[in-house]
Amino acid sequence: MNKLILALSSAIMISAFTAAALGQKAQSITFAKGRTSATITGTLSSYKSHRTFSIRVRKGQTLTTENIGDNSITIGVEAPPGSTYEQDMAADCHDRNEVSPTAPGVYRITVTECRKADAWRGTFKFRVKVR
């Protein structure tokens, strides 16, 4: 079980670093005026594909992500320098996250297909909230 958790944790971190190394620019997440959440959609073409997003938060807020689409995804959250947040790598798809309290800065959110579910290609949808 520990080896599985370590392997999955490594895969998510490699995905995030690969995006940066390949020059994939993270799509910025912004909220409409007066809103505290946004619905994000995108497409993935294989287990190897990923999409990267970024969101800036202030100190002491709560950042949550959750899958609201039909396809199984893994949502990786990488905190900015100075944060003590470590993503919980339980034995599920990791499609829900909560960071509370947040450190100030830019959080990177990486979406990949869940490798614990059947393969699929197409659209994903998830919600980001900051309060």
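Quick summary incoming for the structure in this document. (Residues numbered from 1 in each chain as written. Predicted model: local features only at pLDDT ≥ 70, side-chain atom pairs only at ≥ 80, totals over all residues. Heavy atoms only, no water.)

### Some words on the sheet that holds strand S5 (residues 73-78)
With respect to topology, 4 strands assemble into an open sheet ordered S1-S3-S7-S5, the strand pairing being mixed. For this open sheet the edge positions go to strand S1 (27-28) and S5, each flanked by a neighbour on one side alone. The sheet contact formed by strand S3 (residues 50-57) and strand S7 (residues 105-113) spans 8 bridges and is antiparallel. Looking across to S7, one finds that Arg56 is bridged to Val106. (Pairing = 2+ DSSP bridges. Helix = DSSP H or I, 4+ residues; strand = E, 2+ residues; numbered from the N terminus.)

### Considerations on the sheet that holds strand S2 (residues 37-44)
Note: strands within a sheet are paired through backbone hydrogen bonds, in either parallel or antiparallel orientation. With antiparallel pairing, the 4 strands of this open sheet are ordered in space as S2-S8-S4-S6. With one partner strand each, in any of the chains shown, S2 and strand S6 (96-99) form the two edges of the open sheet. Strand-to-strand, the axes of this sheet are offset by a mean angle of 15°, without reference to chain direction. Strand direction decides the pairing type here: strand S4 (residues 63-67) and S6, joined by 4 bridges, are antiparallel. In the sheet register, Glu66 faces S6, and the bridge partner there is Arg96. (Axes fitted to C-alpha atoms, helices over the stretch in contact; angles between N-to-C directions.)

### Some details on unusual backbone geometry
Ser100 connects to Pro101 through a cis peptide bond whose omega is -5°. Although it is not a glycine, His94 sits at a positive phi angle of roughly 60°. Mapping His94 onto the fold places it in the loop between S5 and S6.

### With respect to the state of the cysteines
In a disulfide, the sulfur atoms of two cysteines are covalently bonded to one another. Overall, the coordinates contain 1 disulfide when judged by the stated rule. Two residues, Cys93 and Cys114, share a disulfide whose sulfurs are 2.0 Å apart. Across the S-S bond linking Cys93 and Cys114, the dihedral sits near -80°, which makes this disulfide left-handed. Of this pair, Cys93 sits in the loop between S5 and S6 while Cys114 sits in the loop between S7 and strand S8 (122-130); the two residues are 21 residues apart in sequence, bridging distant segments of the chain. The class for Cys93 is buried, based on a relative accessible area of 17%. Looking at Cys114, the relative accessible area reads 1%, which means it is buried. (Disulfide = S-S within 2.5 Å. Buried < 20%, exposed > 50% of the residue type's maximum accessible area, 1.4 Å probe, protein only.)

### What to know about the nonpolar core
Counting 21 residues, the largest nonpolar core has Ile55, Ile109 and Phe126 as the members making the most contacts within it. In terms of residue count, S8 provides more of this core than any other element does, 4 residues in total. Among all residues touching Phe126, those that are not within four sequence positions of it are Ala38, Thr39, Ile40, Phe53, Glu66, Asn67, Ile68, Ile73, Ile75, Ile109 and Val111. (Core = buried A, V, L, I, M, F, W, Y, C linked by side-chain atoms within 4.5 Å. Contact = heavy atoms within 4.5 Å.)

### Focus on the packing of aromatic side chains
Any two aromatic rings considered together are summarised by their centre-to-centre distance and by the angle between their planes. Scanning the model with the defined rule gives 3 aromatic pairs in all. For the pair Phe53 and Phe124, a centre-to-centre distance of 6.3 Å together with 80° between the ring planes defines the contact as edge-to-face. Taken together, the positions of Phe53 in strand S3 and Phe124 in strand S8 put the pair 71 residues apart, joining distant regions of the chain. According to the relative accessible area criterion, Phe53 is buried, its value standing at 0%. For the pair Phe124 and Phe126, a centre-to-centre distance of 6.2 Å together with 25° between the ring planes defines the contact as stacked. The exposure class assigned to Phe124 is buried, which follows from its relative accessible area of 1%. A connected cluster of aromatic rings, assembled from ring pairs, spans Phe53, Phe124 and Phe126. (Phe/Tyr/Trp six-rings, centres within 6.5 Å; stacked < 30°, edge-to-face > 60°.)

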